[in-house]
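Descriptive analysis of the structure
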Amino acid sequence: MNLSKLPNERKLALCRKYYMAGFALLPFMWAVNFVWFLHEAFKAPPYPEQKKIRTYVIVSGVGASLWLIGVIVWVCVFQECRSEWGATADYLSFVIPKGVP
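Keep in mind the model is a prediction, meaning the values are calculated, not measured.

So, on to the packing of aromatic side chains. Evaluated as defined, the whole model comprises 8 aromatic pairs. When the ring of Tyr19 is compared with that of Tyr56, the centres are 4.8 Å apart and the planes differ by 35°; the resulting orientation is tilted. Taken together, the residues Tyr19 in helix H1 (residues 8–22) and Tyr56 in helix H3 (residues 50–85) connect sequence positions 37 residues apart. Tyr56 carries the same exposure label as Tyr19, and that label is buried. A network of ring pairs unites the aromatic residues Tyr19, Phe23, Trp30 and Tyr56 as a single cluster. Against the face of Tyr47 rests Lys11, its NZ or CZ located 5.3 Å from the ring centre.

Now for the packing of H1 against helix H2 (residues 27–42). Between H1 and H2, the least distance of the axes is 7 Å, while the angle of their chain directions is 155°. As the angle between them shows, H1 and H2 are arranged roughly antiparallel. The two elements H1 and H2 meet at a crossing, and its hand is left-handed. Listed contacts from H2 to Lys11, Leu14, Cys15, Tyr18, Tyr19, Ala21 and Gly22 of H1 are Pro27, Met29, Trp30, Val32, Asn33, Trp36, Phe37 and Glu40. Considering only residue class, the contact of H1 with H2 consists of 11 nonpolar, 2 polar and 2 charged.

As a further point, take the UniProt feature "transmembrane region" (unreviewed entry) in the protein. With numbering matched to this structure, UniProt assigns "transmembrane region" (unreviewed entry) to residues 18–36 and 56–77. With 79% helix and 0% strand, residues 18–36 has end C-alpha atoms that lie 10 Å from one another. Span residues 56–77 is 100% helix and 0% strand, its end C-alpha atoms 31 Å apart.

Relative to the assigned elements, Arg82 resides in helix H3. Sequence-wise, Arg82 and Gln50 are 32 residues apart; in three dimensions their C-alpha atoms are separated by 47 Å.

When the terminal C-alpha atoms of H2 are compared, their 22 Å separation across 16 residues agrees well with the 22 Å that a helix rising 1.5 Å per residue should span. Roughly 45° is the biggest bend found in H2, and it falls at Trp36. What H2 keeps buried is the set Pro27, Trp30, Asn33, Phe37, Glu40 and Ala41.

Moving on, we get to H1. In this model, H1 (15 residues) spans 22 Å end to end at C-alpha, consistent with the 21 Å of a helix rising 1.5 Å per residue. Residues Lys11, Leu14, Cys15, Tyr18, Tyr19, Ala21 and Gly22 constitute the buried set of H1. When H1 is viewed along its axis, its buried side chains cluster within an angular range of 165° and face the same direction. Opposite the packed face of H1, turned more than 90 degrees from it, sit the exposed residues Glu9 and Lys17. Buried residues along H1 sit in contact with H2 and H3.

Reading the values: the criteria
- Residues numbered from 1 in each chain as written.
- Predicted model: local features only at pLDDT ≥ 70, side-chain atom pairs only at ≥ 80, totals over all residues.
- Heavy atoms only, no water.
- Phe/Tyr/Trp six-rings, centres within 6.5 Å; stacked < 30°, edge-to-face > 60°.
- Helix = DSSP H or I, 4+ residues; strand = E, 2+ residues; numbered from the N terminus.
- Buried < 20%, exposed > 50% of the residue type's maximum accessible area, 1.4 Å probe, protein only.
- Lys NZ or Arg CZ within 6 Å of the ring centre and 35° of its normal.
- Axes fitted to C-alpha atoms, helices over the stretch in contact; angles between N-to-C directions.
- Parallel < 35°, antiparallel > 145°, perpendicular 65-115°, else oblique.
- Left-handed = near helix turned anticlockwise from the far one by under 90°.
- Contact = heavy atoms within 4.5 Å.
- Nonpolar A, V, L, I, M, F, W, Y, C, P; charged D, E, K, R; others polar.
- UniProt positions renumbered as here; feature names shortened; annotations may be inferred.
- Expected span 1.5 Å × (residues − 1).
- Bend = angle between axes of the 7 residues up to and from the residue.
- Arc of directions from axis to C-beta.

Set out below in structure tokens:
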């Protein structure tokens, strides 16, 4: 979809939909919203809806970044502590690694 062909009101509505979808535990939607509307928010000529789009883009970028950091931290902690957590970690694993812990 080419955003330049959409009216400004439709751009704002679409940006808001992607922003709200991120709250449904879909941080990928925030990442898409950030990348897709980045040009509209900061580089396009000014128009009335741009301020609200800019807010959605910034918050979407921050939210997606926080989710990414959280996932990376969880993966690192889980890999380091899996053997210490015993059966609890095994219940959290889809694949139980073989070998000496």
